[in-house]
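An overview of the molecular structure
Now for the letters of each chain:
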Amino acid sequence: MVNSLGINYGQIADNLPPPESVVPLVKSIGATKVKLYDADPRVLSSFANTGVEFIIGLGNGDLANMRDPNNALEWVKENVQSHLPDTKITCVFVGNEVLTFNDTSLSGNLLPAMQSVHAALVNLGLDKQVTVTTAHSLAILQTSYPPSAGAFREDLVDILSQTLSFHQKTGSPFLINAYPFFAYKGNPKQVSLDYVLFQPNQGIIDPATNLRYDNMLYSQIDAVYSALATLGYKKLPVHISETGWPSKGDEDEAGATLDNAKKYNGNLIKLMSKNTGTPMRPDSDLNIYVFALFNENMKPGPTSERNYGLFQPDGTPAYSLGITNSNDSTAAGSIFSPTSSSTGYLSISSATGRGRYQFVGDVLMASLLLIKILA
């Protein structure tokens, strides 16, 4: 097995470096994959012939339009086919956290849009190299603790079953956005900080499987695996499309500090380098995309939303990750010329930005149990 580190490349900012200057930054942290929230041609062209794999995005606002096979075909021709094979686009994610918006018109367009994009790829002979998926919030889970009891929300089972069937038939991964930060932020007095930051701790034991968990993220991943298995999709691959920790936050955002961000992301990267899976799936590859590449100064919401980046807009590290890499471009601290943000990404994220700071109530319930074990 080989674990793969990816990075989310968001562009809700007016001071980011040009895409061609971003390539060495991505390589400096050992990332081999990039998740882009649109299909920005400047970015895709800049990463041509670098070997970096891309997931590109179609925003929630585009779902209705993509139901039309002709529109989907034109979109794939312009945004996927035109960049292959120079840029390694391997996946298109259609919509972000759609099912937790409780918008029936939006959720009703999700699967048809995914099917149209996949049909376009088949039409162009690209379906063997480019898959189609969508990204979910952890809030699609009704139960996440213990991991073996993971289960999807009952009101989402029908629509999830349809999309899961699509994943199985087309060979695409199941994407989930998971943020232990919000479990800690929601109840800092009862959630173990060491447990959420991958620091040494006593861990927890799943009473049903006797498996030991020493970090919350792996517990969340295995809860998703359990939920999938319950619906008959035990072998479906799970990728963590977003996870991260802010280096700064508002007064009521407990744990949003530079030191904690350094520990979370640095420890996660080190853990992935060991090429081991989760307790429930020790032999399964881990594909995890850290959020995010840059601090983005135009993001709405609390202060934390603008401080998830591993890098400052000038290309200097937001903090040291405590890892070594032969590419020392980040150490130089060179100043890049800022470029305007991608308006395409702005339109996508403005509709989906709430998803990351939705708090999963069940995680809070799990945290209440942790105090007895980790205190």
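Residues numbered from 1 in each chain as written. Predicted model: local features only at pLDDT ≥ 70, side-chain atom pairs only at ≥ 80, totals over all residues. Heavy atoms only, no water.

Under an unreviewed UniProt entry, the name given to the protein is glucan endo-1,3-beta-D-glucosidase, and the organism recorded is Hibiscus sabdariffa. According to the UniProt record, the Sequence similarities (unreviewed entry) comment for the protein reads "Belongs to the glycosyl hydrolase 17 family." Regarding the protein, the UniProt comment filed under Catalytic activity (unreviewed entry) reads as follows: "Hydrolysis of (1->3)-beta-D-glucosidic linkages in (1->3)-beta-D-glucans." (UniProt positions renumbered as here; feature names shortened; annotations may be inferred.)

1. Quick word on helix H9 (residues 216-230)
With 15 residues, H9 extends 21 Å from end C-alpha to end C-alpha; this agrees with the ideal 21 Å at 1.5 Å per step. Where H9 begins, one side-chain oxygen reaches toward the backbone nitrogen of Leu217, 3.3 Å away; that side chain belongs to Asn215. Looking one or two residues past H9, Gly232 carries a phi angle of roughly 95°, positive in sign. (Helix = DSSP H or I, 4+ residues; strand = E, 2+ residues; numbered from the N terminus. Expected span 1.5 Å × (residues − 1). Polar contact = N/O pair within 3.5 Å; in protein donor to acceptor, adjacent residues only side chain to side chain.)

2. Structural notes on the sheet that holds strand E3 (residues 53-58)
In spatial order, the strands read E1-E2-E3-E4-E5-E8-E11-E12; together these 8 strands close into a barrel with parallel pairing. Going across the sheet, the axis of each strand differs from the next one's by a mean of 25°, ignoring polarity. Looking at chain direction, strand E2 (residues 33-36) and E3 are connected through 3 bridges and run parallel. Bridging from a neighbouring strand, Lys35 pairs with Ile55 of E3. Its contacts with the sheet place H9 against strand E8 (174-177), strand E11 (238-243) and strand E12 (287-290), and it is angled at close to 140° to E11. Strand contacts of helix H10 (residues 258-272): strand E1 (4-9), E11 and E12, with the helix running at about 155° to E12, the strand carrying the most contacts. (Pairing = 2+ DSSP bridges. Axes fitted to C-alpha atoms, helices over the stretch in contact; angles between N-to-C directions. Contact = heavy atoms within 4.5 Å.)

3. Side note on the pattern of salt bridges
What the rule picks out here adds up to 9 salt bridges. The salt bridge involving Asp214 is made with Arg212; its shortest N-O contact spans 3.8 Å. Under the relative-accessibility criterion, Arg212 is labelled partly exposed at 39%. One salt bridge connects Glu305 with Lys299, and the closest N-O pair in it is separated by 3.6 Å. There is no split in this pair, since Glu305 and Lys299 are both buried. (Salt bridge = Lys/Arg side-chain N within 4 Å of Asp/Glu carboxyl O. Buried < 20%, exposed > 50% of the residue type's maximum accessible area, 1.4 Å probe, protein only.)

4. Examining the nonpolar core
Most often, soluble globular proteins keep nonpolar side chains buried together rather than apart. The biggest cluster of nonpolar side chains holds 111 residues, and the ones touching the most others in it are Phe47, Phe54, Val80, Val117 and Phe174. Looking at this core element by element, the count peaks at 9 residues for H9. (Core = buried A, V, L, I, M, F, W, Y, C linked by side-chain atoms within 4.5 Å.)

5. Digging into the packing of helix H4 (residues 69-79) against helix H5 (residues 104-123)
Interhelical geometry of H4 versus H5 gives an angle of 60° and a closest axis separation of 8 Å. Taken together, the axes of H4 and H5 lie oblique to each other. Of the two possible hands of crossing, H4 and H5 adopt the one that is right-handed. Of H5, the residues touching H4 (which contributes Pro69, Ala72, Leu73 and Val76) are Ser116, Val117, Ala120, Leu121 and Asn123. Among the residues forming the contact of H4 with H5, the class breakdown is 7 nonpolar, 2 polar and no charged. (Parallel < 35°, antiparallel > 145°, perpendicular 65-115°, else oblique. Left-handed = near helix turned anticlockwise from the far one by under 90°. Nonpolar A, V, L, I, M, F, W, Y, C, P; charged D, E, K, R; others polar.)

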